[in-house]
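Residue-level structure breakdown
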Amino acid sequence: MTINAAMARWCSRPIDTGHPGWTLTPLVLGPQGVPVVTDVEQARAAPEVAVLSAMAHGQSEAAEAIGVAFFEAADELDEERRAVYGDLVLSSLNAAARRKLEAMMKSGYQFQSEFARSYVAKGRQEGILEAKAHDVLAILEARGLEVPAEVRERVLASTDIDELDRWIRRAAVISDARELLATTGS
């Protein structure tokens, strides 16, 4: 499968094997061969097709509707498939669709699927962590402090909001970026 229509056409060209009568014609699934799944019942009946729909059409204007249909239907999947398929769908949707799904959750829209509610909440939490980590680095850089790679990596890898909040405050007063990590308890 490819999400690029031109690549699908190129890959599906017959290949002459050199043996008389033996021409290989590859089977290639391109975006034109994947339905746009925006109906919850259709996504529930064929979740793998819904995932392929997100992969093939997740950059289109239908991306938001595809995402909503998948997440509404995802509760009926086993935990492993919900997680893997959810990651594939979210990573395939354009940024506007991902933001819209999150905005829907914030505005009071209630996804029927518990999985969808928890997935959007997890994405929001990850966004907060990333923003705080970038704030730490921005303060250090704005103060003209050189930020060594090990400090940058540690800050960006943090999954502790309290730690990041402490680092934001420390970044405003330390004289060397390495001091940020010297005592994480203060």
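Within every chain, residues take consecutive numbers counted from 1 along the sequence as written. Selection of residues for local features in this predicted model requires a pLDDT of at least 70, selection of side-chain atom pairs for listing and counting requires 80 or more, and totals for whole chains, interfaces and linings are taken over all residues. To obtain the side-chain values, all non-hydrogen atoms of the structure were used and water was disregarded.

Naming follows an unreviewed UniProt entry, where the protein appears as Transposase of Sorangium atrum.

1. Description of the overall build of the protein
Only DSSP runs of H or I covering at least 4 residues are called helices, and only runs of E covering at least 2 are called strands; the numbering of each starts at the N terminus. Each helix and strand counted, the protein has 10 helices and two strands in total. Each residue's exposure class comes from its accessible area (1.4 Å probe, protein chains only) as a fraction of the maximum for that residue type: buried when under 20%, exposed when over 50%, partly exposed otherwise. The buried share of the protein, reckoned over its 186 residues, is 34%. Residue exposure ignores everything except the shown protein chains as possible cover, and the areas themselves are Shrake-Rupley values with a 1.4 Å probe. Here the protein displays about 10,800 Å² of accessible surface, and carbon together with sulfur accounts for 55% of that area.

2. Looking at helix α9 (residues 161–171)
Count 3.6 residues to each turn of an α-helix, and residues three or four apart come out pointing the same way. Every buried residue of α9 is listed here: E163, L164, W167, R170 and A171. End-on, the buried residues of α9 take up no more than an arc of 120°, which puts them together on one face. Residues of α9 that are exposed and angled more than 90 degrees away from the buried face: D162 and R169. Polar contact criterion, stated in full: a pair of N or O atoms within 3.5 Å, where within protein one must be able to donate a hydrogen and the other to accept it, and residues adjacent in sequence count only if both atoms are side-chain atoms. At the N-terminal boundary of α9, the capping side chain belongs to D160, with an oxygen 2.9 Å from the backbone nitrogen of D162. Within this analysis, the arc is defined by the directions that extend from the helix axis to the C-beta atoms.

3. Quick notes on the packing of helix α3 (residues 47–57) against helix α4 (residues 63–73)
Here, axes are lines fitted to C-alpha atoms. For helices the fit covers the stretch in contact, and angles between N-to-C directions go from 0 to 180 degrees. Taken N-terminus to C-terminus, the directions of α3 and α4 make an angle of 160°; their axes are 10 Å apart at the nearest point. On the basis of their axis angle, the class for α3 and α4 is roughly antiparallel. For α3 against α4, the interelement crossing comes out left-handed. Contacts between α3 and α4 involve A50, V51, S53, A54 and H57 from the former and A63, I66 and F70 from the latter. Residues of the contact of α3 with α4, tallied by class, amount to six nonpolar, two polar and no charged. Should an angle lie under 35 degrees it is considered roughly parallel, over 145 roughly antiparallel, and from 65 to 115 roughly perpendicular; all remaining angles are considered oblique. By definition, turning the near helix anticlockwise from the far helix through less than a right angle yields a left-handed crossing, and turning it clockwise yields a right-handed one. In this analysis, two residues are considered to be in contact whenever any of their non-hydrogen atoms come within 4.5 Å of each other. Three categories are distinguished: nonpolar for Ala, Val, Leu, Ile, Met, Phe, Trp, Tyr, Cys and Pro, charged for Asp, Glu, Lys and Arg, and polar for the others, with Gly belonging to the last.

4. Topic: the pattern of salt bridges
Whenever a carboxyl oxygen of Asp or Glu lies within 4 Å of a side-chain nitrogen of Lys or Arg, that contact is scored as a salt bridge. Counted under the stated rule, the structure contains eight salt bridges. Taking the shortest distance from any N to any O, the salt bridge between E76 and R44 comes out at 3.1 Å. Linking E76 in the loop between α4 and α5 (79–92) with R44 in helix α2 (residues 40–45), this pair joins segments that are 32 residues apart in sequence. The exposed category is assigned to E76, whose relative accessible area is 58%. The partner of R81 in a salt bridge is E48, with the nearest N and O atoms 2.7 Å apart. Of this pair, R81 sits in helix α5 while E48 sits in helix α3, placing them 33 residues apart in sequence. We classify E48 as partly exposed; its relative accessible area is 36%.

5. Topic: the nonpolar core
In plain words, nonpolar cores are sets of buried Ala, Val, Leu, Ile, Met, Phe, Trp, Tyr and Cys residues tied together by side-chain atoms within 4.5 Å. By size, the foremost hydrophobic cluster in this structure holds 20 residues, and its most contacted members are A43, F70, V89, L93 and L101. Contributing elements (two or more residues each) for this core: α3, α4, α5 and α6 (95–106). Tallying contributions element by element places α4 first for this core, with seven residues. Counting residues in hydrophobic clusters, the runner-up holds 15 residues, among them V147, V151, L164 and A171.

6. Some points on α5
The terminal C-alpha atoms of α5 lie 20 Å apart, and with 14 residues this matches the ideal 20 Å at 1.5 Å per residue to within 8%. Looking only at α5, the buried set comprises R82, Y85, G86, V89 and S92. Down the axis of α5, the buried side of the element spans an arc of 135°, and every buried residue falls inside it. Structural note: α5 exposes E79, E80 and S91 on the side pointing more than 90 degrees away from its buried face. Any helix carries an expected span of 1.5 Å times its number of residues minus one.

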